[in-house]
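Summary of structural features
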Amino acid sequence: MHDDSDRASYTVRGCLVERSTSAGIGVAGADAVIEQTLARDMQPNEWGAGVGIVAAQPALFSEARADLTLRSCRVERARGAGVVVSGSDGDIEGVEILDTQLTSDGVAGSGIVVMKHFYAPFGEASASIRWVTIAGGYEGGIEVFGATASIEHSRVSGILPPTADGYDAADGIIATWFDPPGVGGEFDLHRSDVTVADSHIQANERAGVSAFGSDVALSNSLLECNPIPLNSEAIAAPGTISDGGGNICACGADIDICQVLSSQLQAPSPPDPATF
């Protein structure tokens, strides 16, 4: 059993973090409050990633969870992902994540990634995301892998497909299943459970919201000028997007009924935790 008696905690407030390698700020199995801070222009590590802010375990097989509170911050031009919550908990409010860049291999450049611990026996991941703006990036604005997330009063726009061959996701919000390698070679399927409310998903190149073998509850949201507003795929398990009412699918003067399609889209793969 993990002993939290010597657990570290710290606060970062009103700081500028720039041009650091691998990650701007890392929270490893600790409690952190980060406020009114700008992280920008992270430089790639040996795997080609330079995440803005990451909350994760201190080691791949550790049971120690990070607890991140991120408020009124901005992340600009991170590489691979703006914010990552891996096997940990994140409370993200009033954050701007702008122009996330691709990893050096052209695979991913997501705004926020919430993912279960890569090794099955350990930590679930969760995030509360409120009043967040994600503008520009690749693959997914908010990606949830085998985890839970609530998204409220947020805006996601301008997501493009990665440049690497075989990677074509370009969705505003992605909820997907995660089948991480378990200790002893076992596998354990984890669905994502995501709620989206009072949000604006705009001009993403593939889909507005997509569910791959996972569940999304959507309400009071505007899906604007996404080629496929809502998409679900049965991958290992059914994918569902439930309509809680108040949703609008539109582009310019054209307003359509919000329908969930199955367009045979490919789900993205979770990032390898070694990259951050």
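Residues numbered from 1 in each chain as written. Predicted model: local features only at pLDDT ≥ 70, side-chain atom pairs only at ≥ 80, totals over all residues. Heavy atoms only, no water.

This part takes up the environment of A81. Structurally, A81 can be placed in strand β9 (residues 81-86). A81 sits in the buried class, given a relative accessible area of 4%. A81 sits 149 residues away from L230 along the chain, and the two C-alpha atoms are 23 Å apart. Ignoring anything within four residues of it in the chain, the contact list for A81 reads G50, V51, G52, T100, S110, G111 and V113. (Helix = DSSP H or I, 4+ residues; strand = E, 2+ residues; numbered from the N terminus. Buried < 20%, exposed > 50% of the residue type's maximum accessible area, 1.4 Å probe, protein only. Contact = heavy atoms within 4.5 Å.)

Taken in spatial order, the nine strands of this open sheet run β1-β4-β7-β10-β13-β15-β18-β21-β24, and their pairing is parallel. The open sheet terminates on both sides in strands that have one partner only, identified here as β1 (9-13) and β24 (240-243). Along the sheet, successive strands turn relative to each other by an average axial angle of 10°, direction set aside. As judged from the five bridges shared by strand β13 (residues 126-130) and strand β15 (residues 148-152), these two strands associate in the parallel manner. Among the inter-strand pairings, S128 is bridged to a residue of β15, identified as S150. (Pairing = 2+ DSSP bridges. Axes fitted to C-alpha atoms, helices over the stretch in contact; angles between N-to-C directions.)

Inspection of the secondary structure puts A217 in strand β21 (residues 215-219). With 26 residues separating them in the primary sequence, A217 and D243 have C-alpha atoms 6.4 Å apart. Non-local contacts of A217, meaning those with residues more than four positions away in its chain, are made with V194, T195, V196 and S242.

So, about the nonpolar core. Counting 50 residues, the largest nonpolar core has I34, L70, I92, I112 and I142 as its most contacted members. Of all the elements, strand β14 (residues 133-145) adds the most residues to this core, at three residues. In this structure, I34 is in contact with V12, I25, V27, I53, L68, T69, L70, R71 and C73, ignoring residues within four places of it in sequence. Residues A23, V113, M115 and F145 belong to the second largest nonpolar core, which totals eleven residues. (Core = buried A, V, L, I, M, F, W, Y, C linked by side-chain atoms within 4.5 Å.)

Turning our attention to unusual backbone geometry. With phi around 55°, D99 is a residue other than glycine that occupies positive phi space. You can see D99 is positioned in the loop between β11 (96-98) and β12 (110-115). For D99, a relative accessible area of 41% puts it in the partly exposed group. Phi at Q264 is positive, roughly 60°, even though this residue is not glycine. Along the polypeptide, Q264 turns up in the segment after β27 (260-261). The exposure class assigned to Q264 is exposed, which follows from its relative accessible area of 66%.

Further remarks concern the state of the cysteines. Tallied over the full model, the rule gives two disulfides. There is a disulfide in this structure between C249 and C258, and the S-S distance comes to 2.2 Å. Looking along the S-S bond of the C249-C258 disulfide, the torsion reads about 120°, which is the right-handed sense. Each member of the pair C249 and C258 is classed as buried. Along the protein, the cysteines that take part in disulfide bonds pair up as 1-3, 2-4, counted in sequence order. The thiol of C15 is unpaired, and the distance to the nearest cysteine sulfur, on C73, comes to 9.5 Å. Given a relative accessible area of 3%, C73 falls into the buried group. (Disulfide = S-S within 2.5 Å.)

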